[in-house]
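Residue-level structure breakdown
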Amino acid sequence: FDFTCRYDEKDSVGKRYRRMDAIGTPYCITIDGQTLEDNTVTLRDRDTMQQNRVAIERLPAIVSEACSLNTLLKKLV
């Protein structure tokens, strides 16, 4: 497996985001009605709370880059 994931469908999206924030999940992916139309999902960054619509096929590369040790170390410099 490339990533550790947790699935949640209880409560509203906002409450789900808050639960994931509380346990330290760095990124949340939301699948919604638009996903079925255009194969995109919403990717939310825990630290900035920024949300971006991204193509599903780009998701593994985006998350890999964001979570890579090299990327994290560059932020410290």
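Cut-off values and rules
- Every chain is numbered on its own, with residues counted from 1 as its sequence reads.
- In view of the model being predicted, local features appear only for residues whose pLDDT reaches at least 70, and side-chain atom pairs are presented and counted only at 80 or more, with totals across whole chains, interfaces and linings using the full set of residues.
- Where side-chain values are given, they derive from all heavy atoms of the structure, hydrogens and water being excluded.
- Think of it in three bands: residues with accessible area under 20% of the maximum for their type are buried, residues over 50% are exposed, and the middle band is partly exposed, with areas taken using a 1.4 Å probe on protein chains only.
- Think of it this way: any DSSP run of H or I at least four residues long counts as a helix, any run of E at least two long counts as a strand, and we number them from the N terminus.
- Picture the helix axis, draw a direction to every C-beta atom, and the arc is the one those directions span.
- Only heavy atoms matter for contacts: two residues are in contact if any of them lie within 4.5 Å across the pair.
- Every patch collects residues that have over 30% relative accessible area and no salt bridge, joining them within 9 Å if they carry like charges and within 5 Å if they are nonpolar side chains (Val, Leu, Ile, Met, Phe, Trp, Tyr).
- Note that accessible areas follow from Shrake-Rupley with a 1.4 Å probe, and for residues the cover is restricted to the protein chains shown.
- Salt bridge criterion: a side-chain nitrogen from Lys or Arg within 4 Å of a carboxyl oxygen from Asp or Glu.
- By the criterion applied in these results, polar contacts are pairs of N or O atoms within 3.5 Å in which, for protein atoms, one can donate a hydrogen and the other can accept it, and in which residues neighboring in sequence qualify only through two side-chain atoms.

**Considerations on helix α3 (residues 59-67)**
Buried within α3 are the following residues: L59, V63 and A66. One face of α3 carries all of its buried residues, which in axial projection span an arc of 65 degrees. Next to the buried residues of α3 lie β1 (27-30), β2 (40-45), β3 (51-55) and α4 (69-76).

**Things to note about a nonpolar patch on the surface**
A cluster of nonpolar side chains, namely L69, L72, L73 and L76, defines an oily patch on the protein surface of about 430 Å² accessible area. Tracing the backbone through its elements, the reader meets L69 in helix α4.

**Looking at the side chain of T30**
Examined against the element boundaries, T30 turns out to sit in strand β1. Take T30: its relative accessible area is 13%, and that puts it in the buried class. Side chain to side chain, T30 and Y17 meet in a polar contact 2.8 Å long. Excluding anything up to four places from it in sequence, T30 contacts V13, Y17, T35, V41 and T42.

**Some remarks on the environment of L76**
In this structure, L76 sits in helix α4. Considering only alpha carbons, one finds L76 and G14, 62 residues apart in sequence, at a separation of 30 Å.

**Describing the pattern of salt bridges**
One pass over the full model with this rule turns up 6 salt bridges. The partner of R53 in a salt bridge is D32, and the shortest N-O contact between them spans 2.9 Å. Taken together, the residues R53 in strand β3 and D32 in the loop between β1 and α2 (33-38) connect sequence positions 21 residues apart. A salt bridge links R46 to D47; its shortest N-O distance comes to 2.9 Å. What makes R46 partly exposed here is its relative accessible area of 24%. Counted as one network, the salt bridges with shared partners bring together D8, D11 and R19.

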